[in-house]
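# Chains, contacts and geometry: an overview
Now for the letters of each chain:
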Amino acid sequence: MNMLVVGSGGREHAICKALKRSKLLDKLYIASSAVFEEAVDIRYSSYEELARKCKALQIDIVIVGPEAPICDGIADIFRKNKINIIAPTKKWSNLESSKLVAKQLMSHYSINNAPIIKAPTAFPLVLKADGLCGGKGVKIIYSMDELVNQMEKLKEDFPEGAKKIFMEEYLEGEEISLISLWDGKNLLHFPPARDFKRLSLDKNSPNTGGMGSYCPVNLTEVQQDRLDLYKTKLNFMLSDEKADFIGFIYSGLIWAKNDWYVLEYNMRPGDPETQSILNQIDTDFLYILNAAIYQKLNEIKLRLNSGVSATLVVASEGYPENPKDGNMIEYPQDKDIIVHYSGVELKEGTLYSKGGRNLSITTSAGDLDTAFNRLYSYSDKILMDKKYVRRSLPEN
Ligand code: AMP
Ligand code: GLY
């Protein structure tokens, strides 16, 4: 099969590597501007042009990673052109692009989510921009002054994404990312992963796109039971709404008040969760995507590798506020480490940092400590000026 991956970060690099391992793969393309050696780069200036190129190249399935093309409606355009695409339609991307739309739907289906707060009477509380802010639209607020300042800052930094702002109850607990694939009829769940959202262990450090991840997460019996119930509710919601798309749905869940609460939906696989998840599954990923296209996900029995997979993000100093581009990067080969390109560019054969998160490095081991110790010591060997890695697992 010929495959096209849309996107150019670490998640897409992991997808390319997983597809490359498949016996079903013939040619692999990437759109666009990625420097992955696994795939041939396709440039495009509109989704219509990309669709035409897909037809000419006889692409069998397109899979989309980032939220921007999904929210732009790439799936609607490709479906109109009869191209198989793994990405939600524009209508369903609203679950990610509007947190209020998502909350309304969850409430309708009795899915737990943090209650909205009308007036700030107690702190901490959580201030959220309704729309897309590149993972920077959520602020934990500890005082009235901070509330006023952060509201202004959100509106200033994200005039579009923060058109609507709301407050919700602060919940405290363990977080997991449940990534599931919907084929229009069936929902396949990948094992839960954990993402390290904050820049460091310090509670005042900013939220990021994710500084690391691991998969699977050990759950207690009651957490597993409640997760099974949540999965049933999610399945019911999508079926009852006749959700007419083939794509990923990512539930950001927090364990609070003895149950799972949804903090957010993303309509795409997570980054850097995907790097760990795809390393942990032993089932052919292309086989899974093909089953999704034919609405046969119910026939897939996921096989998992033993132990854990872990991913560490190598970022540029200043991330997430102000990362500096253009740092030269050199990394050694190591048979136990998979190096994903998250934000790099290649100039005359040399790799340079571009954007905040530059590499994501993944390994598997029998336990988390071994995995992360290996990743920390490998990250020390990466030659890159002003690099930053988070050297702690989340407390919860
Ligand atoms: P979100 O983009 O909504 O997932 O928020 C990003 C991160 O902010 C989450 O992973 C949580 O760590 C934190 N967060 C979001 N909403 C809440 C909440 N209601 N209570 C506590 N923490 C939250
Ligand atoms: N790691 C969180 C996300 O992909 O949004």
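Below: a short report on this structure.

Parameters and conventions
- Residues numbered from 1 in each chain as written.
- Chains lettered and ligands numbered in written order.
- Predicted model: local features only at pLDDT ≥ 70, side-chain atom pairs only at ≥ 80, totals over all residues.
- Heavy atoms only, no water.
- Salt bridge = Lys/Arg side-chain N within 4 Å of Asp/Glu carboxyl O.
- Helix = DSSP H or I, 4+ residues; strand = E, 2+ residues; numbered from the N terminus.
- Buried < 20%, exposed > 50% of the residue type's maximum accessible area, 1.4 Å probe, protein only.
- Disulfide = S-S within 2.5 Å.
- Core = buried A, V, L, I, M, F, W, Y, C linked by side-chain atoms within 4.5 Å.
- Contact = heavy atoms within 4.5 Å.
- Near = heavy atom within 4 Å.
- Polar contact = N/O pair within 3.5 Å; in protein donor to acceptor, adjacent residues only side chain to side chain.
- Areas by Shrake-Rupley, 256 points an atom, 1.4 Å probe, with all protein chains shown as cover.
- Nonpolar A, V, L, I, M, F, W, Y, C, P; charged D, E, K, R; others polar.
- 1 Å grid on protein atoms, 1.4 Å probe; cavity = no way out; pocket = protein on both sides within 12 Å on 5 of 7 lines; lining within 4 Å.
- Points joined across faces, edges and corners; volume = space filled by probe spheres on them.
- Phe/Tyr/Trp six-rings, centres within 6.5 Å; stacked < 30°, edge-to-face > 60°.
- Lys NZ or Arg CZ within 6 Å of the ring centre and 35° of its normal.
- Pairing = 2+ DSSP bridges.
- Axes fitted to C-alpha atoms, helices over the stretch in contact; angles between N-to-C directions.
- Parallel < 35°, antiparallel > 145°, perpendicular 65-115°, else oblique.
- Left-handed = near helix turned anticlockwise from the far one by under 90°.

## Examining the pattern of salt bridges
- Considering all chains together, one arrives at 22 salt bridges under this definition.
- With its nearest N and O atoms 2.8 Å apart, the salt bridge here joins Lys128 to Glu168. Taken together, the residues Lys128 in strand S7 (residues 125–129) and Glu168 in strand S9 (residues 165–169) connect sequence positions 40 residues apart. Here Lys128 matches Glu168 in class, with each residue buried.

## Side note on the state of the cysteines
- All chains considered together, the criterion is met by zero disulfides.
- Free cysteine: Cys16, not disulfide-bonded; nearest cysteine sulfur from Cys54 at 14 Å.
- Cys133 takes part in no disulfide bond, and the closest cysteine sulfur to it belongs to Cys71, at a distance of 12 Å.

## With respect to the nonpolar core
- By size, the foremost hydrophobic cluster in this structure holds 92 residues, and its most contacted members are Ile86, Phe190, Leu238, Tyr265, Phe285 and Leu289.
- With near-sequence residues (within four places) excluded, Ile86 lies in contact with Ile61, Val62, Ile63, Val64, Leu181, Ile246, Gly247, Phe248, Leu289, Ala292 and Ile293.
- Residues Ala51, Ile77, Ile85 and Ala87 belong to the second largest nonpolar core, which totals 20 residues.

## Examining the site of ligand 1
- Surveying the vicinity of ligand 1 reveals 15 residues, the closest of which are Glu168, Glu169, Leu171, Glu175 and Glu264.
- A distance of 3.3 Å is found between an oxygen atom of ligand 1 and a side-chain nitrogen or oxygen belonging to Asn207.
- Backbone polar atom of Leu263 to an oxygen atom of ligand 1: 3.4 Å apart, as the coordinates give it.
- Compared with its free state, where it exposes 470 Å², ligand 1 has 92% of that area covered by protein.
- Where the shell around ligand 1 is concerned, the elements lending two or more residues are S7, strand S8 (138–141), S9 and strand S15 (259–266).
- Split into classes, the residues belonging to the shell around ligand 1 amount to seven nonpolar, one polar and seven charged.

## Examining the layout of surface pockets
- There is about 420 Å³ of room inside the second largest pocket.
- Forming the boundary of the second largest pocket are 19 residues, of which Val138, Lys139, Gln150, Pro206 and Asn207 lie nearest the centre.
- Counting only elements with at least two residues in the lining of the second largest pocket, the list comes to S8 and helix H7 (144–157).
- Sort the elements by how many residues they give to the lining of the second largest pocket and H7 lands first, with four residues.
- Grouping the amino acids of the lining of the second largest pocket by side-chain chemistry returns six nonpolar, five polar and eight charged.

## Section: the packing of aromatic side chains
- Scanning the model with the defined rule gives ten aromatic pairs in all.
- For the pair Trp92 and Phe245, a centre-to-centre distance of 5.6 Å together with 40° between the ring planes defines the contact as tilted. In this pair, Trp92 is assigned in helix H5 (residues 90–97) and Phe245 in the loop between helix H8 (221–240) and strand S14 (247–256), connecting sequence segments 153 residues apart. In this structure, Trp92 and Phe245 share a single accessibility class: buried.
- Ring geometry for Tyr109 and Phe236: centres 5.9 Å apart, planes at 70°, overall edge-to-face. Highlighted residues: Tyr109 in the loop between helix H6 (99–108) and strand S6 (116–117) and Phe236 in helix H8, separated in sequence by 127 residues.
- Three or more aromatic residues joined by ring pairs make a cluster, and in this case those are Phe196, Tyr214, Phe372 and Tyr376.
- Seen from the ring of Tyr352, Lys347 lies directly overhead, with NZ or CZ sitting 5.0 Å from the centre.

## Considerations on the side chain of Glu96
- On the secondary structure map, Glu96 appears in helix H5.
- If we skip the residues at most four places from it in the chain, Glu96 touches Glu67, Leu132, Tyr265, Asn266, Met267 and Arg268.

## Some points on the site of ligand 2
- Near ligand 2 you find Asp195, Gly209, Tyr250, Asn266, Arg268, Gly270, Asp271, Pro272 and Glu273, and these make up its full shell.
- For ligand 2, an oxygen atom lies 3.3 Å from a polar atom in the side chain of Asn266.
- At 2.9 Å from a nitrogen atom of ligand 2 is found a side-chain nitrogen or oxygen belonging to Glu273.
- Calculation on ligand 2 without its partners gives an accessible area of 200 Å², and the protein chains cover 88% of this total.
- When the residues that make up the shell around ligand 2 are grouped by side-chain class, the tally is two nonpolar, three polar and four charged.

## Details of the sheet that holds strand S17 (residues 328–330)
- In spatial order, the strands read S19-S20-S17-S22; together these four strands make up an open sheet with antiparallel pairing. The open sheet is flanked by strand S19 (344–347) and strand S22 (383–384), the only strands paired with a single partner.
- The sheet contact formed by S19 and strand S20 (residues 350–353) spans four bridges and is antiparallel. Bridged to Lys347 within S20 is Thr350.

## Some thoughts on the packing of helix H1 (residues 10–20) against helix H9 (residues 273–280)
- The N-to-C vectors of H1 and H9 enclose an angle of 15°; their axes lie 8 Å apart at closest approach. By the angle between their axes, H1 is roughly parallel relative to H9. You can see that H1 and H9 cross each other, and the crossing is left-handed. Mapping the contact onto sequence places Gly10, Arg11, Ala14, Ile15 and Ala18 in H1 and Thr274, Gln275 and Leu278 in H9.

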